[in-house]
Number of protein chains: 6
Amino acid sequence: MRWANLTSEDLNSLDKDRTVVILPIGSIEKHGPHLPLGTDGLAIEVVAMEVAERTGAVVLPTLYYAYVPENRHMPGTITLSGEAFLRILEEICDEVYRNGFKKILLLNGHGGNKRPLSLFLREMQAKGKRYNLYILLDPWEVIHEKIREVAETDVWGHAGEVETSYMTYLFPDLCKLERVKRPAKLGVEKVVEGVEAMTDWVGYAIEGYVGDPRKANVKKGKALFEAWVKGLVEIVEKIKRDELYDKILDEYYSKIRH
Amino acid sequence: MRWANLTSEDLNSLDKDRTVVILPIGSIEKHGPHLPLGTDGLAIEVVAMEVAERTGAVVLPTLYYAYVPENRHMPGTITLSGEAFLRILEEICDEVYRNGFKKILLLNGHGGNKRPLSLFLREMQAKGKRYNLYILLDPWEVIHEKIREVAETDVWGHAGEVETSYMTYLFPDLCKLERVKRPAKLGVEKVVEGVEAMTDWVGYAIEGYVGDPRKANVKKGKALFEAWVKGLVEIVEKIKRDELYDKILDEYYSKIRH
Amino acid sequence: MRWANLTSEDLNSLDKDRTVVILPIGSIEKHGPHLPLGTDGLAIEVVAMEVAERTGAVVLPTLYYAYVPENRHMPGTITLSGEAFLRILEEICDEVYRNGFKKILLLNGHGGNKRPLSLFLREMQAKGKRYNLYILLDPWEVIHEKIREVAETDVWGHAGEVETSYMTYLFPDLCKLERVKRPAKLGVEKVVEGVEAMTDWVGYAIEGYVGDPRKANVKKGKALFEAWVKGLVEIVEKIKRDELYDKILDEYYSKIRH
Amino acid sequence: MRWANLTSEDLNSLDKDRTVVILPIGSIEKHGPHLPLGTDGLAIEVVAMEVAERTGAVVLPTLYYAYVPENRHMPGTITLSGEAFLRILEEICDEVYRNGFKKILLLNGHGGNKRPLSLFLREMQAKGKRYNLYILLDPWEVIHEKIREVAETDVWGHAGEVETSYMTYLFPDLCKLERVKRPAKLGVEKVVEGVEAMTDWVGYAIEGYVGDPRKANVKKGKALFEAWVKGLVEIVEKIKRDELYDKILDEYYSKIRH
Amino acid sequence: MRWANLTSEDLNSLDKDRTVVILPIGSIEKHGPHLPLGTDGLAIEVVAMEVAERTGAVVLPTLYYAYVPENRHMPGTITLSGEAFLRILEEICDEVYRNGFKKILLLNGHGGNKRPLSLFLREMQAKGKRYNLYILLDPWEVIHEKIREVAETDVWGHAGEVETSYMTYLFPDLCKLERVKRPAKLGVEKVVEGVEAMTDWVGYAIEGYVGDPRKANVKKGKALFEAWVKGLVEIVEKIKRDELYDKILDEYYSKIRH
Amino acid sequence: MRWANLTSEDLNSLDKDRTVVILPIGSIEKHGPHLPLGTDGLAIEVVAMEVAERTGAVVLPTLYYAYVPENRHMPGTITLSGEAFLRILEEICDEVYRNGFKKILLLNGHGGNKRPLSLFLREMQAKGKRYNLYILLDPWEVIHEKIREVAETDVWGHAGEVETSYMTYLFPDLCKLERVKRPAKLGVEKVVEGVEAMTDWVGYAIEGYVGDPRKANVKKGKALFEAWVKGLVEIVEKIKRDELYDKILDEYYSKIRH
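Residues numbered from 1 in each chain as written. Chains lettered and ligands numbered in written order. Predicted model: local features only at pLDDT ≥ 70, side-chain atom pairs only at ≥ 80, totals over all residues. Heavy atoms only, no water.

### Topic: the pairing of strand E3 (residues 103-108) of chain B
Residues and elements named next belong to chain B.
1) Next: In terms of burial, E3 is a largely internal element, 6 of the 6 residues being buried.
2) Next: Of the two faces of E3, the one holding Lys103, Leu105 and Leu107 and the one holding Ile104, Leu106 and Asn108 are both buried throughout.
3) Next: Two elements, E3 and strand E4 (residues 132-136), share 5 bridges in a ladder whose sense is parallel. By the bridge assignment, Lys103 is partnered in E4 with Asn132.
4) Next: Taking the sense of rotation as the criterion, the β-α-β connection linking E3, helix H4 (residues 114-126) and E4 turns out right-handed. (Buried < 20%, exposed > 50% of the residue type's maximum accessible area, 1.4 Å probe, protein only. Helix = DSSP H or I, 4+ residues; strand = E, 2+ residues; numbered from the N terminus. Pairing = 2+ DSSP bridges. Right-handed = clockwise from strand over helix to strand, strands pointing away.)

Put into structure tokens, the structure is as follows:
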């Protein structure tokens, strides 16, 4: 159920108090020599649709324009400023709520979005928003166990074994695995251990991918995808039943004198 | 050729001086009882893809989050503020240009976007942008003749005969034409002739569609769609060859002391 | 009746529900070799005062600081950014409404202001403003017929036959018609037909005027001015009687859950 | 010489390095029962024009939309926010400088503008502006001596003896001195001595004027006006000759590493 | 009583209607060769603490990050933009008020802050703030008499005899008076008499101090400090008793239709 | 070495390329019934000063005004908006760099600041800042081992055993341990496992502290404090020697076409 594919009346007839509205958020950035620039959005949108299918959630148009300063030096990256990204997230959520829907789930598909999304949650609270906002910060939060199970390599992050596996399963035509000739060269992980620096990712993932994507295959991809969907279906079902959110939020706001 | 579907290297290997980068812009708003909320984006994206196929243009992810205050009172509408809309347009164009592409075409699919897009053009000039920005303001600019040719009704605008025809041709599964029982009731077109008012559209298209969509059919839709694509292919070819833009712009900026 | 010339008490004693408050908006930009930089504001202010005389409207101080990026490369232009222009318009309208006046008419005297003013109307709606905002977008909206009647040339726009005629009639001392030696040289109207480009006006009106101003004369100017005033008097009278605006607006806002 | 009344060429042919460009700034606010709302702008504009006549300065359109929160509770006041006021001042000055003029004089006609104007000066410095910005902060800076000479009353401020005198001299038709029946009732000057409070003006000038305007007369007005013009002519002449500004500013900026 | 040193409960148990909350505001800028960069904040914080001790006021953490464009060319200066400075002042005051405290006193320790603080007062009024905001604009407002009494020199301002005296008394370890070898060289006070210019301070206090700090001594410092505290204690006591503020403000707001 | 305590010349004479400038960042929020509202800033400032003592770093005035929406419902909290907090951080860092210092270390003392600080790092990169920015995101990053060693309880976070221990050691007079009668009641940790929600902290730490602070003692506090300082001294030493930062950053920026 895509919001954009429904008629006004069909959308309006849904059970707005319980229906979970999902906003998939991707990115546009280099994913090695073999995966498409839009990998994060492409994957999270399929996951979202599959989850919606099984739970009755409604899926908003995927937001490809997101936050990727860390890979901006690689060809093809399109990033918003943090300010613009936070702003359109707020406006979209406000509009969904204005339409009567209360439960909003942001499904993040790109690691670099964690920073603005993490702040976004608190900013909405600081601004007194009344909707129940849930954010999947770490895209792979629910498949870490499955990753440990299927991964043959230790470094399987950005455009590596894991991502390549499910992209090969979901979008075989868009993957050019044959272009990967060797594991990624990696640079310095941190210039100084214990503190964050602007160089952290930039100095490390110097080729736009990590690990050895050649270890990816369709079977792993299928297993990962199914675990992903399963994990998120459970979360969405919990969200549908969640009645604590409003209770806690109401009490919180009532103690803040405006 | 979708920007998001290309690898970093494939995008980078394009002829950046001549390749036209297309941003399709839609909307999310009521389109009568029969067409999907995302009609404008769904249609303009297909048009853009077909045009790209024939011209070698690259198509960015469609922007569904756009500018629709005028239909905000109908269920399902999601609109950005003018400020946010203008800002992400600017950031996206800036990033495309930063990637080395010079010719950017905004393909607008929603009438209400004309207002902010019309300002956007001048604002980019005021800010001294160096890219060649082309905007299709009126989505149907190139098919007005074809519309006159195929339309049986006089009022064929928003979710009417024309739009319904090509949506039926392009997305038959998403159209519920059977729900249309009669022509749209229309309200007052203008409270005062000769000046614009906030009530103009709101008081007029009171049912979220106009005219009699039942006059729509697949054959008309095919004819309209093909004329649309043909008209835009011609435009894109002209854009590819256009060398005057930079010349005029350079002279203009050179006379402005910054 | 100028707002600035009234005492506080005199203004306060007006019938605020029906009195139309007019904001004349001009520009500061080159108007050929013969007309003053402030032409648009000078003319629209006289028009506004004459209309006020006949209708009891109140006229605010003319806004000369407006939106002219398209002529910024010509000596003498002063333009605001779109953002600043929209903002002071909003603050002025808000203050007028705060003073109890409900009917606000923006009389635009400069073509280039159409872009921001067109957006302004929707932005005020999006922000839920309660005043009845009317905008004369095209300065010559009500005299197109009269123009067809008196004009001897086909290209009579910016600083051309029409404008020069009424400026000669209204401000003979400020016009230097003798400096015009020949019709304006014109450049390329559009780099690509069918789409808007930043070059459109810049590449066309390369001398800061169009057509042949030498065809202008006082008689035409008088006819044009009188038609202008007459047309606007009719509009202001309709605005005074308009009761539909609030009705439509109230219903619109009531359907938007805030 | 009004900027708006000059043609593009006439303005362009001025000696830009030495010509002083004057921006008169007024207000729209209650001035007792007898003076017009626009008093501050009306007066300072006449002063500016007279000064320009004698010095060759160029006068920009008067800014009536200015900063008056302190009289906002009186009918007729129109004020901008501090933010908007500062912004358009900056944009106007930037445009004047972009046109090649270097010496900009803000002639303030309204006491309440002192607060934002005082900050404006430093903000332009903080932003590294290169123009020579001069601000007459206190409108009566140059006539304090003359005031002491002609005034019969001690409290002669806002809409009192002084202002009423020169308004009666300059705009006899707009003054309704007969409406003043007695000296203004005054409230508490300060709630707490030694610190500023939001109540300071509001609690004091409770009738929108101070002192006894009935002491005003045309003769005093003429004397005040002539002293005003004379004082400002001297200032403008000094500004024309001032070469220290650039020298000091250049050294200042050179020491700030950007 | 420092806000930051109290527990949540202890703060909460105070008489919020009468307790005065003090925000000391300093600066970071050159104070001659002999005084520390943070002089203004260091001094005003001690003053605030001493005043609080005697009046029961609560002191917020000192704001060292303030407004110093005028000394930005001297090593060590840290200044905020006017916009940022105004914004955090507003947010801090809003939060104090949200906590239930009504009387807020900004104790300014730096002359250059007068400009933004002066605007801040009116901006809070324009925004309809309900708290009683008191601002000590001129740091030495209450000790001008004492200064006249103890000062041996005529020019005793920035880092001069006065400031050096009380710093020597309060922070002997941070003062390097031995580095002052002679009175400060001073530049041009004003490029043009009668108007403000960006060069005014910059061209004058060219060595980052004025006058002859060698005239400073601990005895004078003690006298000045004690007068300062005494003067402010009286003010704070008046603020505690002030009931007029709310009355005037309520009436003012009630007359402004929002 | 406090920046604010140095004279202009003393600061200026430091080795700017290698000197690390530390900005301690705290918060103002409830810390149980026993610890002061400013705990985070008080502690991190002492840590910073001790680290500076041993490394030659310079310490800026502690920023107490930070980001605490999550405890805003408890008496005493003062929080900035995310936008304002990010802005003053940027302006402070810019000013430090403008003064010639390159290595800037933000020492965060409050868990809730992690969200905005995490975004801040990437935003500075997106804006092309040239300074070497290091951020201690998690205040206890370097003492997790020591915590495991000394803590007797499992839940030792906000105002719990750990924080209370070092506060008792560093600020015995400000701690009211006797007010703690029992371990904190805790609420629901997460309304839905696997996703973030606005209720997460609010619903959990319902008494403004966690765990059993009565397990705190001075000995643990001393051990924790010393480990903290030791860990940070090592980090600062590494920062002083770090030459990779510029290299990586330069290459990154060189690949981004602006």
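Next, the rest of the story.
### Brief notes about the packing of helix H4 (residues 114-126) of chain A against helix H4 (residues 114-126) of chain F
The relative placement of two packed helices comes down to the angle between their axes together with the axis-to-axis distance.
1) Next: Packing of H4 of chain A against H4 of chain F brings their axes to within 8 Å, and their N-to-C directions diverge by 145°. Once H4 of chain A is placed against H4 of chain F, the crossing between them reads as left-handed. Contact residues: H4 of chain A offers Arg115, Pro116, Ser118, Leu119, Leu121 and Arg122 of chain A, while H4 of chain F offers Arg115, Pro116, Ser118, Leu119, Leu121 and Arg122 of chain F.
2) Next: When the residues that make up the contact of H4 of chain A with H4 of chain F are grouped by side-chain class, the tally is 6 nonpolar, 2 polar and 4 charged. (Axes fitted to C-alpha atoms, helices over the stretch in contact; angles between N-to-C directions. Left-handed = near helix turned anticlockwise from the far one by under 90°. Contact = heavy atoms within 4.5 Å. Nonpolar A, V, L, I, M, F, W, Y, C, P; charged D, E, K, R; others polar.)

### What to know about the relation of the copies chain F and chain A
1) Next: Least-squares fitting of chain F to chain A yields an RMSD of 0.0 Å, with the superposition described by an axial translation of 0.0 Å and a rotation of 180°. Taken together, these values place the two copies in the relation of a two-fold axis. Measuring from the rotation axis to each C-alpha of chain F, the shortest distance belongs to Arg115 of chain F, at 3.4 Å.
2) Next: Mapped onto chain A, 100% of the interface residues of chain F are again interface residues, and the two copies thus contact each other with one and the same surface. (Least-squares fit on C-alpha atoms with pLDDT ≥ 70 in both.)

### Brief notes about the pattern of salt bridges
1) Next: Considering all chains together, one arrives at 151 salt bridges over all chains under this definition.
2) Next: With its nearest N and O atoms 2.6 Å apart, the salt bridge here joins Glu161 of chain A to Lys220 of chain A. Highlighted residues: Glu161 of chain A in helix H6 (residues 161-170) and Lys220 of chain A in helix H7 (residues 218-241), separated in sequence by 59 residues.
3) Next: Across the salt bridge formed by Glu91 of chain F and Arg87 of chain F, the nearest N and O atoms sit 3.1 Å from each other. In this pair, Glu91 of chain F and Arg87 of chain F are both assigned in helix H3 (residues 82-98), 4 residues apart and thus about one turn of the helix distant.
4) Next: Here Glu91 of chain F falls in the buried class, since its relative accessible area comes to 13%.
5) Next: You can call Arg87 of chain F partly exposed: its relative accessible area is 32%.
6) Next: It is possible to trace a salt-bridge network through shared partners that takes in Glu90, Asp94, Lys127 and Lys129 of chain A. (Salt bridge = Lys/Arg side-chain N within 4 Å of Asp/Glu carboxyl O.)

### Quick word on the interface of chain F and chain A
1) Next: Across the contact, 54 residues belong to chain F and 54 residues belong to chain A.
2) Next: Together chain F and chain A conceal approximately 5000 Å² of surface at their shared face, both sides included; 68% is due to carbon and sulfur atoms.
3) Next: A per-residue breakdown of the area chain F buries against chain A is headed by Arg115, Arg122 and Met198 of chain F, which together make up 17% of the total.
4) Next: If you look at where chain F meets chain A, you find 2 salt bridges. (Buried area = accessible area lost by both parts, 1.4 Å probe.)

### Quick notes on the nonpolar core
1) Next: Residues Leu133 of chain A, Leu133 of chain B, Leu133 of chain C, Leu133 of chain D, Leu133 of chain E together with Leu133 of chain F are the most contacted members of the largest nonpolar core, which totals 554 residues.
2) Next: Look past the residues within four positions of Leu133 of chain F in its chain and what remains in contact with it is Glu196, Ala197 and Met198 of chain A together with Cys93, Ile104, Leu106, Phe120, Leu121, Met124 and Tyr245 of chain F. (Core = buried A, V, L, I, M, F, W, Y, C linked by side-chain atoms within 4.5 Å.)

### Structural notes on unusual backbone geometry
1) Next: Phi at Ala159 of chain A is positive, roughly 60°, even though this residue is not glycine.
2) Next: Topologically, Ala159 of chain A is positioned in the loop between helix H5 (144-150) and H6.

### Structural notes on the environment of Tyr245 of chain B
1) Next: Its location among the elements puts Tyr245 of chain B in helix H8 (residues 244-255).
2) Next: On the basis of relative accessible area, Tyr245 of chain B is assigned to the buried category, the value being 0%.
3) Next: Contact partners of Tyr245 of chain B, with chain neighbours within four places excluded, come to Tyr131, Asn132, Leu133 and Tyr134 of chain B together with Val191, Ala197, Met198 and Thr199 of chain C.
4) Next: Here the side chain of Tyr245 of chain B touches Leu133 of chain B through a polar contact of 2.6 Å, landing on its backbone oxygen. (Polar contact = N/O pair within 3.5 Å; in protein donor to acceptor, adjacent residues only side chain to side chain.)

### Thoughts on the packing of aromatic side chains
1) Next: Overall, the coordinates contain 54 aromatic pairs over all chains when judged by the stated rule.
2) Next: Plain terms: the ring middles of Trp3 of chain D and Phe101 of chain D are 5.4 Å apart, the flat faces sit at 55° to each other, and that makes the pair tilted. Within this pair, whereas Trp3 of chain D is found in the segment before helix H1 (8-12), its partner Phe101 of chain D is found in the loop between helix H3 (82-98) and strand E3 (103-108), the two being separated by 98 residues in sequence. When sorted by exposure, Trp3 of chain D lands in the same class as Phe101 of chain D, which is buried.
3) Next: Note on Trp201 of chain F and Tyr204 of chain F: the rings are 6.1 Å apart at their centroids and 65° apart in plane angle, and the pair reads as edge-to-face.
4) Next: Assessed through its relative accessible area of 22%, Trp201 of chain F is described here as partly exposed.
5) Next: An aromatic cluster of three or more residues is present, and its members are Trp140, Trp156, Tyr166 and Trp228 of chain A. (Phe/Tyr/Trp six-rings, centres within 6.5 Å; stacked < 30°, edge-to-face > 60°.)

### Some remarks on the confidence of the model for chain A
1) Next: The predicted model of chain A averages 97 in pLDDT, with 100% of residues at 70 or higher.
2) Next: Across the predicted assembly, pTM comes out at 0.98 and ipTM at 0.97. (pLDDT = per-residue confidence, 0-100.)

### Section: the sheet that holds strand E5 (residues 196-197) of chain B
1) Next: The strand order E5(B)-E4(C)-E3(C)-E1(C)-E2(C) describes an open sheet built from 5 strands, whose pairing is mixed. Bordering the open sheet on either side are E5 of chain B together with strand E2 (58-59) of chain C, each of which pairs with just one other strand.
2) Next: Across 6 bridges, strand E1 (residues 20-25) of chain C lies against strand E3 (residues 103-108) of chain C in parallel orientation. The partner of Val20 of chain C across the bridge, within E3 of chain C, is Lys103 of chain C.
3) Next: Contacting E1, E3 and strand E4 (132-136) of chain C, helix H3 (residues 82-98) of chain C runs over the sheet at an angle of about 160° to E1 of chain C.

### Thoughts on the packing of helix H3 (residues 82-98) of chain E against H3 of chain F
1) Next: At a closest axis distance of 10 Å, the pairing of H3 of chain E and H3 of chain F adopts a crossing angle of 140°. Overall, the two elements H3 of chain E and H3 of chain F adopt an arrangement that is oblique. The crossing of H3 of chain E and H3 of chain F is left-handed. Seen from H3 of chain E, the contacting residues are Glu83, Ala84, Arg87, Ile88 and Glu91 of chain E; seen from H3 of chain F, they are Glu83, Ala84, Arg87, Ile88 and Glu91 of chain F.
2) Next: When the residues that make up the contact of H3 of chain E with H3 of chain F are grouped by side-chain class, the tally is 4 nonpolar, no polar and 6 charged. (Parallel < 35°, antiparallel > 145°, perpendicular 65-115°, else oblique.)

### Digging into the sheet that holds strand E5 (residues 196-197) of chain E
1) Next: Reading across from one edge, E2(D)-E1(D)-E3(D)-E4(D)-E5(E) is the order of the 5 strands in this open sheet, with mixed pairing throughout. Two strands close off the open sheet at either side, each with one partner strand: strand E2 (58-59) of chain D together with E5 of chain E.
2) Next: Examined bridge by bridge, strand E4 (residues 132-136) of chain D and E5 of chain E share 2 bridges and lie antiparallel to one another. Looking at E5 of chain E, one finds that Ile135 of chain D is bridged to Glu196 of chain E.
3) Next: Strand contacts of helix H7 (residues 218-241) of chain D: strand E1 (20-25), E3 and E4 of chain D, with the helix running at about 160° to E3 of chain D, the strand carrying the most contacts.

### Here's the deal with the arrangement of the chains
1) Next: Separated without contact, chain B and chain E have their nearest C-alpha atoms at a distance of 20 Å.
2) Next: Across the gap from chain C to chain F, with no contact made, the nearest C-alpha atoms are 20 Å apart.

### Focus: the side chain of His31 of chain C
All names here are of chain C.
1) Next: Following the sequence through the fold, His31 ends up in the loop between E1 and helix H2 (39-55).
2) Next: Within the structure, His31 has its side chain in polar contact with the side chain of Asp40 (distance 3.0 Å).
3) Next: Residue contacts for His31: discarding those within four places in its chain leaves Pro36, Leu37, Thr39, Asp40, His158, Ala159, Glu163 and Gly208.

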